[in-house]
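# Structural overview for review
Spelled out, the chains give:
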Amino acid sequence: MIIDSFNDNWLVLQQHLAEMKNSHLRDFFASDSQRAENLSVSACGLNLDYSKNRITLKTRSLLMRLAESAQLEKKRDAMFAGDAINNTENRSVLHTALRQQDNKPVLVNGIDIVPQIKAVRLKVETVVDQVRNEQWLGYSGKCITDVLNLGIGGSFLGPKIVTTSLKPYVQGGPKQHFVANIDGNHLHDVLTTLNPETTLVLIASKSFNTQETLTNAESTRQWFYDYGVTFDQLNRHFIAISSNVSKAVAFGISSDNVFPMWDWVGGRYSLWSAIGMPIAMAIGNDGFTELLKGAADLDTHFKEAPLEQNLPVLMGMLGVWNHNFFGCQTHALLPYSHYLRGFPAYVQQMDMESNGKSCQLNNEMVSSTTGPVIWGAEGTNGQHAFHQLLHQGTSVVPVDFIQPLVADHDMDGHQDMLVANCFAQSKTLMQGKTYQQAYDELVASGMDSVLAKVIAKHKEMPGNRPSNTLTFDRLTPYQLGTLIALYEHKVFVQGVIWNLNSFDQWGVELGKILGDDILARIDRPDNTELSDSSTELLLTQYRYANQSLT
Ligand code: F6P
């Protein structure tokens, strides 16, 4: 019985944990000069050094057995094949089909979806070329200089972060602006910089039902009206990307300007679809094609590589080892790259909205912890903000260091320092500093031994703190595609181990409903049913501060 095997393997890992509890990474490295060699793997231009995890080859073997007994390969193949693995919404999960490089059929409800994917891609490429080549003209006959992208969550984060990450490839084409928040300051500050004659608005919303995006779209439409633009002229300035074509048309967007996406693409996995249009607007269609190819190559690696050489499987299972066995409740992504500064936020949604759940596929509540809190920031900035906790805090935080090796600039000496800091931080987390080392250093520096005994205790660093280091030559569109797909599949692997549906997000629904309820209550102080004293107190404060609302 597979389930017994899974449980048995879990128990074996718990016993193995007991063996590992008193080991230290310092000793592992001191006793094996080949450790890094044996615990590194490269694929699709990515190099993963996972030797600074608290593991041995036996650990790796046991983790792979756990993955096998969770039927990881069978479930992976089911996803790629289009099975309705999103069971609560009865949907396939096929963001991988969006980047497929061949025309091999992928069936959803018996229909090959590849032709429609290619048709929409061609339509996107056509519009992108028209805009970038200044052939798309606004109502007054001027070309487009600015593209305003309205979306939130996966309809915002993907395009925004990829465009930011690929700045060296943003050449020609209109300037991209991204607005997500319902806070009017966001949209206001952007609109004041734009000219309606030369602005194209992309409304990105899979549901076309998201309050923030629709409100921002309505306010932007009013902005055009305020400049005297007529309803009929809006078609030169509004495009919608959505799976809800009828609602987009009802908003007033001509069907020609609606780019469909499909229910088998989750919002947090959608940048490969027409949602990625802003990326192509910024880096060109060829660049977007390279992004897709990188992701496709990583898909092939995930499908074909043996588990012990499989990047998403290794990262997923090491995450399970750190999280479920060593009890680490958060996971930090530290890209040592200014351009990747948004990447932690992107993976935050991808991971936490996918695996931040407690109900298993079989409707039973989980018996272990599931999705970790994902956070992070670019290096070296974090070293001057939160690395103190990483090195001496009571919480052990596994870290993914992400390091492009070749600079995109010619600032002398900067890349050497960036890389040296990245490698030093993972080394420091691994080896720490003993009390004796700290004491000896202080005495050698001239400090008297009594004070040195005091200070040394505060300078002691436990080390033995796990990290992965991912390196690659350059942050190209191709390489970014591999990196994003790597994390998508890492999340999938962990969802399989925790027996979750990683592709729905029921947890966000209630907040939206209560938000609408409270919104309706702001100017109705009398109506207090279903309320609570805290909400009433807060609403009273809001009304008082904005007297005109009462
Ligand atoms: O509320 C969560 C969520 O549905 C995300 O999954 C999604 O990326 C975001 O809101 C935006 O949704 P939409 O693209 O439908 O506007």
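Below, the structure is looked at part by part. Remember, predicted model here, so these are calculated numbers, not experimental data. Every chain is numbered independently, its residues counted from 1 as its sequence is written. Where local features are concerned, this predicted model is filtered to residues with pLDDT of at least 70; where side-chain atom pairs are given and counted, the filter is 80 or more; whole-chain, interface and lining totals use all residues. Heavy atoms throughout the structure, all of them, feed into the side-chain values; hydrogens and water do not.

### Some thoughts on the overall build of the protein
Looking only at helices and strands, one finds 21 helices and 13 strands in the protein. Atoms counted for the radius of gyration: C-alpha only. Globule rule: 2.2 Å times residue count to the power 0.38. The C-alpha radius of gyration computed for the protein amounts to 26 Å, which stays within 12% of the reference 24 Å derived for 550 residues, consistent with globular compactness. Reported as C-alpha extents along the three principal axes, the dimensions of the protein are approximately 80 × 60 × 60 Å. By residue count, 51% of the 550 residues in the protein fall in the buried class. The contact criterion used is simple: two residues touch if any of their non-hydrogen atoms lie within 4.5 Å. For the protein, restricting intrachain contacts to residue pairs at least 6 apart in sequence, the fraction spanning at least 24 positions comes to 75%. Accessible surface is estimated by sampling points in the Shrake-Rupley manner with a 1.4 Å probe; for residues, cover comes only from the protein chains shown. Split by element, the accessible area of the protein, about 24200 Å² in all, is 53% carbon and sulfur. In this count, Lys and Arg are taken as positive residues and Asp and Glu as negative ones, while His and the chain termini are left out. Every charge is mapped onto a representative atom, which is NZ of Lys, CZ of Arg, CG of Asp or CD of Glu. Averaging the coordinates of the 43 positive side-chain charges in the protein and doing the same for the 57 negative ones gives two points 3 Å apart. Note on conventions: DSSP H or I runs of at least 4 residues are helices, E runs of at least 2 residues are strands, and numbering of each starts at the N terminus. Any residue under 20% of the maximum accessible area for its type is buried, any over 50% is exposed, and the rest in between are partly exposed; the area is computed with a 1.4 Å probe on protein chains only.

### Brief notes about the pairing of strand β1 (residues 40–43)
Burial along β1 is one-sided: Val41 and Ala43 are buried, and none of Ser40 and Ser42, which face the opposite way, are. Of the pairings in the sheet, the one linking β1 to strand β2 (residues 46–49) comprises four bridges and is antiparallel in character. The residue bridging Ser42 from the neighbouring strand is Asn47, located in β2. A pair of strands is treated as paired once DSSP finds two or more bridges between them. Here β1 hands over to β2 after two residues, with Cys44 in that stretch at a positive phi of 55°.

### Side note on the site of the ligand
The cutoff for a nearby residue is simple: one of its non-hydrogen atoms must lie within 4 Å of the molecule or strand. Ser155, Ser205, Ser207, Thr210 and Glu353 are the nearest of the 13 residues found near the ligand. Contact between the ligand and Ser205: an oxygen atom at 2.7 Å from a side-chain N or O atom of the residue. In the analysis that follows, any N or O atom pair within 3.5 Å is treated as a polar contact, provided that within protein one partner can donate a hydrogen and the other can accept it, and provided that, for residues neighboring in sequence, both atoms belong to side chains. At 2.7 Å from an oxygen atom of the ligand is found a side-chain nitrogen or oxygen belonging to Glu353. When each cavity is represented as a set of grid points, the ligand is found to reside in the largest pocket. Only α8 (154–165) and α14 (343–355) provide two or more residues apiece to the shell around the ligand. Each residue gets one of three labels, nonpolar for Ala, Val, Leu, Ile, Met, Phe, Trp, Tyr, Cys and Pro, charged for Asp, Glu, Lys and Arg, and polar for the others, Gly among them. Of the residues contributing to the shell around the ligand, the split by class is two nonpolar, eight polar and three charged. A pocket here means an open set of points on a 1 Å grid, computed over the protein atoms alone, that has protein on both sides within 12 Å along at least five of seven lines. A cavity is instead a set of points where a 1.4 Å probe fits but cannot get out; residues with an atom within 4 Å of a point line either one. Just a note on the criterion: a molecule sits in a pocket or cavity if more than half of its atoms are within 2 Å of the grid points.

### With respect to the pattern of salt bridges
Salt-bridge detection follows one rule: a side-chain nitrogen of Lys or Arg within 4 Å of a carboxyl oxygen of Asp or Glu. Following the criterion strictly, the structure yields 14 salt bridges and no others. Salt-bridge contacts for Glu353 lead to Arg268; the nearest nitrogen and oxygen are separated by 2.9 Å. Taken as a pair, Glu353 in helix α14 and Arg268 in the loop between β9 (258–260) and α12 (277–304) lie far apart in primary sequence, 85 residues in all. Taking relative accessible area as the criterion, Glu353 reaches 23% and is therefore assigned partly exposed. Lys433 is the salt-bridge partner of Glu441, the closest N and O atoms lying 2.6 Å from each other. Residue classification places Glu441 among the partly exposed positions, given a relative accessible area of 39%. Members of the salt-bridge network, linked through shared partners, are Glu89, Arg91 and Asp263.

### Notes on the packing of helix α5 (residues 72–81) against α12
The description of two helices packed together rests on the angle between their axes and the distance between the axes. Every angle, taken between N-to-C directions, lies between 0 and 180 degrees, and every axis is a line fitted to C-alpha atoms, over only the stretch in contact when it is a helix. Packing of α5 against α12 leaves a shortest axis separation of 10 Å and a crossing angle of 145°. Between α5 and α12, the contacting residues are Arg76, Met79 and Phe80 on the first element and Asp299, Phe302 and Lys303 on the second. A breakdown of the residues in the contact of α5 with α12 according to their chemical character gives three nonpolar, no polar and three charged.

### Quick notes on the nonpolar core
Inside soluble globular proteins, nonpolar side chains tend to come together where they are buried. By size, the foremost hydrophobic cluster in this structure holds 112 residues, and its most contacted members are Phe343, Leu483 and Tyr487. Counting residues per element, this core draws most heavily on α12, which supplies 12 residues. Each residue touching Tyr487, except ones within four places of it in the same chain, is listed here: Met315, Leu333, Phe343, Val347, Met350, Asp400, Ile402 and Leu470. The set of buried Ala, Val, Leu, Ile, Met, Phe, Trp, Tyr and Cys residues whose side-chain atoms join them within 4.5 Å is what this entry labels a nonpolar core. Ranked by size, the runner-up nonpolar core spans 22 residues in total, among them Leu148, Leu150, Leu191 and Ala217.

### Observations regarding the sheet that holds strand β8 (residues 238–242)
With parallel pairing, the five strands of this open sheet are ordered in space as β6-β5-β7-β8-β9. One side of each edge strand has no neighbouring strand; the edge strands of this open sheet are β6 (175–179) and β9. In this sheet, adjacent strand axes meet at a mean angle of 20° when their direction is disregarded. Bridge count for strand β7 (residues 199–204) against β8 is four bridges, and the pairing is parallel. From the neighbouring strand, Val201 faces β8, where its bridge partner is Phe238. Packing of helix α7 (residues 114–132) onto the sheet brings it into contact with β7, β8 and β9, and relative to β9 it is tilted by some 145°. Those strands touched by helix α10 (residues 211–226) are β5 (146–150), β6, β7 and β8, and its axis lies near 160° from that of β7.

### Observations regarding a nonpolar patch on the surface
A patch consists of residues exposed above 30% relative accessible area that lack any salt bridge, with like charges linked at up to 9 Å and nonpolar side chains (Val, Leu, Ile, Met, Phe, Trp, Tyr) linked at up to 5 Å. A contiguous nonpolar patch, built from Leu405, Val406 and Phe423 and spanning about 210 Å² of accessible area, is present on the exposed surface. Position of Leu405 relative to the elements: it lies in the loop between β12 (399–404) and α16 (414–431). Relative accessible area serves as the criterion here: at 32%, Leu405 is assigned to the partly exposed category.

### With respect to the sheet that holds β12
Spatial ordering of the open sheet is given by β1-β2-β13-β12-β10-β11, a layout of six strands whose pairing is mixed. Here the strands that pair on one side only, and so sit at the sheet edges, are β1 and β11 (373–376). In this sheet, adjacent strand axes meet at a mean angle of 20° when their direction is disregarded. Strand direction decides the pairing type here: strand β10 (residues 330–335) and β12, joined by four bridges, are parallel. Its bridge partner lying in β12, Leu334 is registered against Phe401. Along the sheet face, helix α13 (residues 311–325) touches β1, β2, β12 and β13 (467–472) and points at about 30° away from the line of β2. Against the sheet, helix α19 (residues 477–497) contacts β2, β10, β12 and β13, and its axis sits at roughly 150° relative to β13.

### Let's talk about the state of the cysteines
Two cysteine sulfurs form a disulfide in these notes if their separation is within 2.5 Å. Applying the stated criterion to the full structure yields zero disulfides. In this structure Cys422 is not part of a disulfide, and its nearest cysteine sulfur, from Cys328, lies 19 Å away. Of the residues examined, Cys422 reaches a relative accessible area of 0% and is grouped as buried.

Spatial relationships are all this shows, so hold off on functional conclusions.
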